[in-house]
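Structural overview for review
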Amino acid sequence: MTVTAYLVRHAAHDDVGAYLAGRTPGTRLGEAGRQQAERLAQRLAREKLDAVLASPRERAQETAAAIAATAGTGPVETAGGLDEVDFGPWAGRTFEDLDADPAWRRWNAMRSLTRAPGGETMLEVQARVIGVLERARDRFEGGRVALVSHSDPIKTIVMHLLGLPLDSWPRFEIAPASVTIAVIGEWGGKITLLNAVTD
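Residues numbered from 1 in each chain as written. Predicted model: local features only at pLDDT ≥ 70, side-chain atom pairs only at ≥ 80, totals over all residues. Heavy atoms only, no water.

This part takes up the nonpolar core. If you look at the biggest cluster of nonpolar residues, it comprises 36 residues, and the most contacted ones within it are Leu7, Leu53, Trp90, Trp107, Leu133, Val145 and Leu147. Broken down by secondary-structure element, the contributors of at least two residues to this core are strand 1 (2–9), strand 2 (51–54), helix 4 (102–109), helix 5 (122–139), strand 4 (144–149), helix 6 (151–162) and strand 5 (178–185). In terms of residue count, the dominant contributor to this core is helix 5 (seven residues). In this structure, Leu133 is in contact with Ala5, Leu7, Leu147, Ile157 and Ile184, ignoring residues within four places of it in sequence. In this structure, Leu40, Leu49, Val148 and Val179 belong to the second largest nonpolar core, which totals 21 residues. (Core = buried A, V, L, I, M, F, W, Y, C linked by side-chain atoms within 4.5 Å. Buried < 20%, exposed > 50% of the residue type's maximum accessible area, 1.4 Å probe, protein only. Helix = DSSP H or I, 4+ residues; strand = E, 2+ residues; numbered from the N terminus. Contact = heavy atoms within 4.5 Å.)

Right, dumping it as structure tokens:
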């Protein structure tokens, strides 16, 4: 038996691409992001979801709430393992500012061997999100579940299932409000859809 996991990146906040939101409190969806979340919810309504799990970040919770309300799954379950990368003091800084930081450049050149200052390694991120995926497989055997998270955590799942090294992260996109579908069983897993964005 398998579970089908809909790996959803939260809809966009107003300043996506301008600064590293990370775990900065108060980063919420703007009007455009709320519209994205509603379109995404309509897209997922036909999938007959059994549950919606989400990162504790506000933008993920708001996206998940729209999906759960439309799908009729009941309340969103918060899963700490789906949280954004702990970027430590990098969170909240602009990308322009970060690009001048040698530690940030090292992180992006070799994420498999570096740690965000005071934060996590990508191996630690991968371990916790794969843990959520495995628990979902066991809980929702034969079912369908939406896991609402963030770009980098979703990328670690994709790289794991495709047997790619963690330093492959720049080779594909996980856009705001996108859906990536993974089918998971005792035999392993596979990706059946990658980075699909609802217009």
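Looking now at the layout of surface pockets. By volume, the largest pocket is sized at about 460 Å³. Contributions of two or more residues to the lining of the largest pocket are made by helix 4 and helix 6. Here the element with the most residues in the lining of the largest pocket is helix 6; it accounts for three residues. Across the lining of the largest pocket, the residue classes tally to 11 nonpolar, seven polar and seven charged. (1 Å grid on protein atoms, 1.4 Å probe; cavity = no way out; pocket = protein on both sides within 12 Å on 5 of 7 lines; lining within 4 Å. Points joined across faces, edges and corners; volume = space filled by probe spheres on them. Nonpolar A, V, L, I, M, F, W, Y, C, P; charged D, E, K, R; others polar.)

The final tally for this structure, using the stated rule, is 16 salt bridges. Arg144 is paired through a salt bridge with Glu47; the nearest N and O atoms lie 3.1 Å apart. Separated by 97 residues along the polypeptide, Arg144 in strand 4 and Glu47 in the loop between helix 1 (31–45) and strand 2 bring together distant segments of the chain. Judged by its relative accessible area of 15%, Glu47 falls in the buried class. For Asp152, the salt bridge goes to Arg111, with nearest N and O atoms at 3.2 Å. Here Arg111 lies in the loop between helix 4 and helix 5 and Asp152 lies in helix 6, a separation of 41 residues in the sequence. (Salt bridge = Lys/Arg side-chain N within 4 Å of Asp/Glu carboxyl O.)

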